[in-house]
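Chains, contacts and geometry: an overview
So you can see what is in the structure, the chains are spelled out below.
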Amino acid sequence: MTAGSVDLPALRRRITPVLIVSQILGGLGVATGIALAAVLAQQVSGSEALSGLAPTATVAGTALLSVPLAALMTARGRRPGLVLAYLIGSAGAGVVVLASVLGNFPLLLLGMAAFGAASSANLQARFAAADLAEPARRARAISMVVWATTIGAVVGPNIAAPAGRSVSGAGIPEAAGPFVWAAGVFLIAAVVVALLLRPDPLLTARALAPSEEGNDKEKRSLRAGVRAVRESAGARLALVTVAASHTAMVSIMSMTPLALSHHGAGIELIGLVISGHIAGMYAFSPVMGVLSDRFGRLSVIGLAVGLLSCAALLAGTAGASHGRIAAGLFLLGLGWSAGLVSGSALLTDSVPGPARAAVQGLSDLTMNAAAGIGGVMAGLIVARGGYGVLNLVGACLLLPLAWLAVRRALTRGGAAAED
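Residues numbered from 1 in each chain as written. Predicted model: local features only at pLDDT ≥ 70, side-chain atom pairs only at ≥ 80, totals over all residues. Heavy atoms only, no water.

Side note on helix α15 (residues 297-316)
Spanning 20 residues, α15 covers 28 Å between terminal C-alpha atoms, matching the ideal 28 Å at 1.5 Å per step. Of the positions making up α15, those classed as buried are R297, L298, V300, I301, A304, V305, L307, L308, A311, A312 and A315. (Helix = DSSP H or I, 4+ residues; strand = E, 2+ residues; numbered from the N terminus. Expected span 1.5 Å × (residues − 1). Buried < 20%, exposed > 50% of the residue type's maximum accessible area, 1.4 Å probe, protein only.)

Structure representation (structure tokens):
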């Protein structure tokens, strides 16, 4: 199979809608559950300091599962990896519900970790969009799939309350209701991908570039991915970009529902604030893709640093102002979008084709492991120093990224450095 013998535009038109639908469903399930994860953890554990462990367990699960899922995709293609991830996420949501009924906090954390597999599927789908994209439009292809998450992710937090009420007569805690719904949504997403994601984008891309991919499995191993990152300054900057952006976002976002509840906000208002944050994360991702393709990855990385810093300043100094916290959370999502889209595109640009799937899995492992540590620390920081101190720490996490981006701009000629 060669590029000349295949109608690539038709393939893209066939695959992209499937990825978009799966992202809508995945975003709906993840956002519905995660909106009240910290609240549920506080109820089950009885400790505010431990409340941050629930979203942190999700991030840790996403990190731990990213490498085996990437390995599966490397060997078998995107479709089986995405299907398995959604199935694990559905099972994890069921375990969370069981743990909430039993009042078992360790079991709750186990379920939240498995729930994180659905987030891993959503993250990996952005790379599936890039498999068959033209290099000059790669960031836009990534951003369109990221954008698709907007619909489900914005709706999700707002149906958390009715999802909770729907299980009130079944002996299930109200805060666990969203996970009942999430389990079903993930199952639907798995079916959609299993039946409709054909041909597999990664396997098709390999078939269209046999001279580059070859048959050497060693070139597609995790070790080859680590070596590719070590040998590329652009890949290293990309890894730091997605890790720093994701860690700052997760750390601040996960504790915001508690900060709002301390100032009198109810579930509905918390849902609206988180919805605004998620809109910032996903709704403007096509803009970030266009900017990244047109002005360069490095320019948008700088934009991400600026937006995330402003977000921490607004939210960290908001006090009892719900509106100011909401504005800060929106900018937090916008900065995350800029960092994820530009970093993901730069990462794909910077490594050879055979190693890309392994490097992409390594990227998700790095970003989620860093965010997992940040989430653990977030609960402790809020318990001891408050929400404002957490935002200050989140802003400080951006300093290494800013330094690396400036150094690369100076040494490689500014915004064209990633070429």
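Focus: unusual backbone geometry
The omega angle of the peptide bond from R198 to P199 is -5 degrees, so this bond is cis rather than trans. Position of P199 among the secondary structure elements: in the loop between α8 (177-196) and α9 (201-208).

Observations regarding the pattern of salt bridges
According to the stated counting rule, one finds 6 salt bridges in the structure shown. Of the charged contacts, one joins R78 and D131 as a salt bridge, the two residues approaching to 2.8 Å between their closest N and O atoms. In this pair, R78 is assigned in helix α4 (residues 78-102) and D131 in the loop between α5 (105-130) and α6 (138-158), connecting sequence segments 53 residues apart. Residue classification places R78 among the buried residues on the basis of a relative accessible area of 1%. Among the residues examined, D131 registers a relative accessible area of 17% and is labelled buried. For the salt bridge of D364 with R126, the shortest nitrogen-to-oxygen distance reads 3.3 Å. Here D364, found in helix α17 (residues 356-384), pairs with R126, found in helix α5; they are 238 residues apart in sequence, far enough to count as distant. We classify R126 as buried; its relative accessible area is 1%. (Salt bridge = Lys/Arg side-chain N within 4 Å of Asp/Glu carboxyl O.)

Examining the environment of T32
Locating T32 in the fold gives a position in helix α1 (residues 8-34). Under the relative-accessibility criterion, T32 is labelled buried at 2%. For the pair T32 and N158, spaced 126 residues apart in sequence, the C-alpha to C-alpha distance is 7.7 Å. Other than its neighbours up to four places away in sequence, T32 contacts G156, P157, I159, A160 and P178. (Contact = heavy atoms within 4.5 Å.)

Digging into the packing of aromatic side chains
Scanning the model with the defined rule gives 5 aromatic pairs in all. Residues F115 and F179 carry aromatic rings whose centres are separated by 5.3 Å and whose planes lie at 65 degrees to one another, so their mutual orientation is edge-to-face. Placement of the pair is F115 in helix α5 and F179 in helix α8, with a sequence separation of 64 residues. Accessibility expressed as a relative area gives 0% for F115, which makes it buried. By relative accessible area, which is 0% here, F179 ends up buried. (Phe/Tyr/Trp six-rings, centres within 6.5 Å; stacked < 30°, edge-to-face > 60°.)

With respect to the packing of helix α14 (residues 285-295) against helix α16 (residues 322-350)
Contact geometry of α14 with α16 gives a least axis separation of 9 Å together with a crossing angle of 45 degrees. When the interaxial angle is binned, α14 and α16 end up oblique. Viewed along their axes, α14 and α16 form a crossing whose handedness is right-handed. Residue-level inspection shows S285, M288, G289 and S292 of α14 in contact with α16, the latter providing L334, S337, A338, V341 and S342. Here the contact of α14 with α16 is composed, by residue class, of 4 nonpolar, 5 polar and no charged. (Axes fitted to C-alpha atoms, helices over the stretch in contact; angles between N-to-C directions. Parallel < 35°, antiparallel > 145°, perpendicular 65-115°, else oblique. Left-handed = near helix turned anticlockwise from the far one by under 90°. Nonpolar A, V, L, I, M, F, W, Y, C, P; charged D, E, K, R; others polar.)

With respect to the environment of V351
Relative to the elements of secondary structure, V351 occurs in the loop between α16 and α17. When sequence neighbours within four positions are dropped, the list of residues in contact with V351 reads A228, A235, R356 and V359.

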